[in-house]
Amino acid sequence: MPKIPSDIQKWNKRWSTDIKYCRPSSGGAVGIVYVWTQNLGWQSANGSYANYEPKDAAFVIKPIQGSAAPTKFAEGILSKIGGAQSPNSVPIKRSTIHAQSLVNMLFRFSNSETDATTKARWQAVFHHYQHADALLIQETQKGIQELGDFYKADEYAKQNGGLEKILTNETLMTNLGKLFAADALIGKGDRLSNMNTGNIAFDAQGQVLAIDSTTILTNFQTIVEDTTNLATGLMSNDTNNWVSAHIHKSDYNANPTIGQQRAFQPGVTSAPVLPPGAGISEIFDVKTWWTQKFRRELEAKLKQHCPTAASPDENTWFQAELWFTNGVNMGIQQIDMKLSGLNWLMIKNKYKSFVSKYGGDPNLDWMNFKVRRRYVKLRNKGFSDDQALTAIKQYVSQRMPGF
Ligand SMILES: Nc1ncnc2c1ncn2[C@@H]1O[C@H](COP(=O)(O)OP(=O)(O)O)[C@@H](O)[C@H]1O
Ligand SMILES: [Mg+2]
């Protein structure tokens, strides 16, 4: 993995002199921009830039709203607990002159792009860079494959071995299980818990890549104060409900940003879409998720993209589920090992330093994180789901008096 230049947060003139080419990704709602710092032949004879391949990009740039702390904290947990490869995001605050030089550079390339499809994508995404709160510089993940590529057009799927290839890969299935456990700890639902196959990324060795990572650890007070009710799942302003619907169970939404709250208009169908969260109890009931979300989603997508292709056989699904479940259990063990004693204090210090450096965030709540970790500890001690849920509700109500 090429390292990000260590002085990149201070690049100013270099944004106008050192970049040979850049273009936005086609994937993702907003996606990222690939950046090349070497000359790869510039424009070829037919006017295309196809020789600038993602694998040769020096780094990528991703715009974010709000604080960079949720991404930095998520990347740390995903690599520590989930064994995922981190893109090691380096945030550049949008308000700096350095970020302005970067955005000027993006503007220059978007303006001079000659490929019609790329130009249209620039037009759709450029304002996200212009109006971001921070721009993340990330290491290019090499040889990136996405789960979504394996059920698409008949030919592509066939060439790649289709879903079968994924399900029979022991390393990959085990690693995805670990990632599932780590994602649950940070509430990240926009990947496995609530399937988004564009965020399930891995390389040819079955190593999983922590792209598009952030925490969805909702803060209770912020939900109560927000009148838009965009952060779904809460039935009443009671901490018991918060614990049930935003910590224990999946299918809740992140807290909206101030911008999203401002854009919200009741009754308007194009209300801001918030990323889904993941509850911690899901990792102790893998079977339900596997059957109702993972397998169901993949079979539905396969049918949609390749109507004539058959689903892999029962044995394949069965074996894959065993490997995956094994990975989840390894992740749960990691949580107990790496989030105890001195290690726990180290994580807490990391959290504090990210918050003081990049600012706090309504979806990076320490109490939420602590309670998830506590639930895992209790389950490992032999508590049933009900007992552990009751215990964490009690814990929260004692520590958050006044709600
Ligand atoms: N660090 C990275 N290295 C290489 N490719 C990346 C990286 N991050 C994202 N991508 C590619 O760009 C796509 C969109 O990025 P993502 O962060 O998921 O955007 P969005 O938040 O809009 O979903 C991904 O699906 C992946 O193909
Ligand atoms: Mg994505």
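Scroll up a little and you will see the structure.
Before going into details, it helps to say that this report is about the structure given with it.

The rules behind each value
- Residues numbered from 1 in each chain as written.
- Chains lettered and ligands numbered in written order.
- Predicted model: local features only at pLDDT ≥ 70, side-chain atom pairs only at ≥ 80, totals over all residues.
- Heavy atoms only, no water.
- Helix = DSSP H or I, 4+ residues; strand = E, 2+ residues; numbered from the N terminus.
- Buried < 20%, exposed > 50% of the residue type's maximum accessible area, 1.4 Å probe, protein only.
- Polar contact = N/O pair within 3.5 Å; in protein donor to acceptor, adjacent residues only side chain to side chain.
- Contact = heavy atoms within 4.5 Å.
- Pairing = 2+ DSSP bridges.
- Axes fitted to C-alpha atoms, helices over the stretch in contact; angles between N-to-C directions.
- Near = heavy atom within 4 Å.
- Areas by Shrake-Rupley, 256 points an atom, 1.4 Å probe, with all protein chains shown as cover.
- Domains from an automatic or database assignment.
- Donors = N, O, S within 2.8 Å, 3.2 Å for Na, K, Ca; no water.

## What to know about the side chain of Ser 101
Link 1 in the chain: Secondary-structure assignment places Ser 101 in helix α3 (residues 97-112).
Link 2 in the chain: Classification of Ser 101 by relative accessible area gives buried; the value is 16%.
Link 3 in the chain: Among the polar contacts made by the side chain of Ser 101, one reaches the side chain of Asn 12 at a distance of 2.4 Å.
Link 4 in the chain: Sequence-distant contacts of Ser 101, defined by excluding residues within four places in its chain, comprise Asn 12 and Trp 15.

## Comments concerning the sheet that holds strand β1 (residues 21-24)
Link 1 in the chain: Taken in spatial order, the five strands line up as β1-β2-β3-β5-β4 in an open sheet, and their pairing is antiparallel. The sheet is open, and its two borders are formed by β1 and β4 (90-93), each paired with just one other strand. Sheet twist, expressed as the average angle between the axes of neighbouring strands with direction ignored, equals 25°.
Link 2 in the chain: Relative to strand β5 (residues 134-138), β4 runs antiparallel, the two sharing four bridges. Bridge assignment links Lys 93 to a residue of β5, and that residue is Ala 134.
Link 3 in the chain: Lying over the sheet, helix α4 (residues 116-130) contacts β1, β2 (33-36), β3 (59-64) and β5, oriented at roughly 85° with respect to β1.

## Things to note about the site of ligand 1
Link 1 in the chain: The environment of ligand 1 is made up of 20 residues, and the closest members are Val 30, Gly 31, Lys 62, Glu 146 and Asp 212.
Link 2 in the chain: A distance of 3.0 Å is found between an oxygen atom of ligand 1 and a backbone nitrogen or oxygen belonging to Ala 29.
Link 3 in the chain: Take Glu 146: an N or O atom from its side chain is 2.4 Å from an oxygen atom of ligand 1.
Link 4 in the chain: Contact with the protein chains hides 91% of the accessible area of ligand 1, taken as 550 Å² for the molecule alone.
Link 5 in the chain: Two domains each put at least three residues into the shell around ligand 1: domain 1 (8-138) and domain 2 (143-403).

## A short note on the coordination of the magnesium ion (ligand 2)
Link 1 in the chain: Coordination of the magnesium ion (ligand 2) by the protein involves Asn 199 (OD1) and Asp 212 (OD), with metal-donor separations of 2.1 to 2.2 Å. Of this pair, Asn 199 sits in the loop between α7 (170-185) and β7 (201-202) while Asp 212 sits in the loop between β8 (208-209) and α8 (220-225), and the two are 13 residues apart along the sequence.

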